[in-house]
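Each chain is listed here by its residues.
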Amino acid sequence: MDANVLNSLVLAGKGMLGIFVVMVLIALVVLLLSRLTSPKQNDK
């Protein structure tokens, strides 16, 4: 394969990995905020 094709595949892979990492971080922040701000339930 041509060197340019390999370089473009590496670059595309890094881009997809970056998007995946950002999506995981956003999901973790949303989960953390939902747990911190959820109303507390009193069991009496």
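Residues numbered from 1 in each chain as written. Predicted model: local features only at pLDDT ≥ 70, side-chain atom pairs only at ≥ 80, totals over all residues. Heavy atoms only, no water.

(A) Summary view of the overall build of the chain. Scanning the chain for helices and strands turns up one helix and zero strands. In the form shown here, the chain has an accessible surface area of approximately 4400 Å², with 72% of it arising from carbon and sulfur atoms. (Helix = DSSP H or I, 4+ residues; strand = E, 2+ residues; numbered from the N terminus. Areas by Shrake-Rupley, 256 points an atom, 1.4 Å probe, with all protein chains shown as cover.)

(B) Focus on a nonpolar patch on the surface. Taken together, L17, F20, V21, V24, L25, L28 and L31 make up a surface patch of nonpolar side chains, about 650 Å² in accessible area. Turning to its location among the elements, L17 is positioned in helix α1 (residues 3-37). (Patch = residues over 30% accessible without salt bridge, like charges linked within 9 Å, V, L, I, M, F, W, Y side chains within 5 Å. Salt bridge = Lys/Arg side-chain N within 4 Å of Asp/Glu carboxyl O.)

(C) Local environment of the environment of K40. Here K40 shows up in the segment after α1. By relative accessible area, which is 65% here, K40 ends up exposed. Separated by 17 residues in the primary sequence, K40 and M23 place their C-alpha atoms 28 Å from one another. (Buried < 20%, exposed > 50% of the residue type's maximum accessible area, 1.4 Å probe, protein only.)

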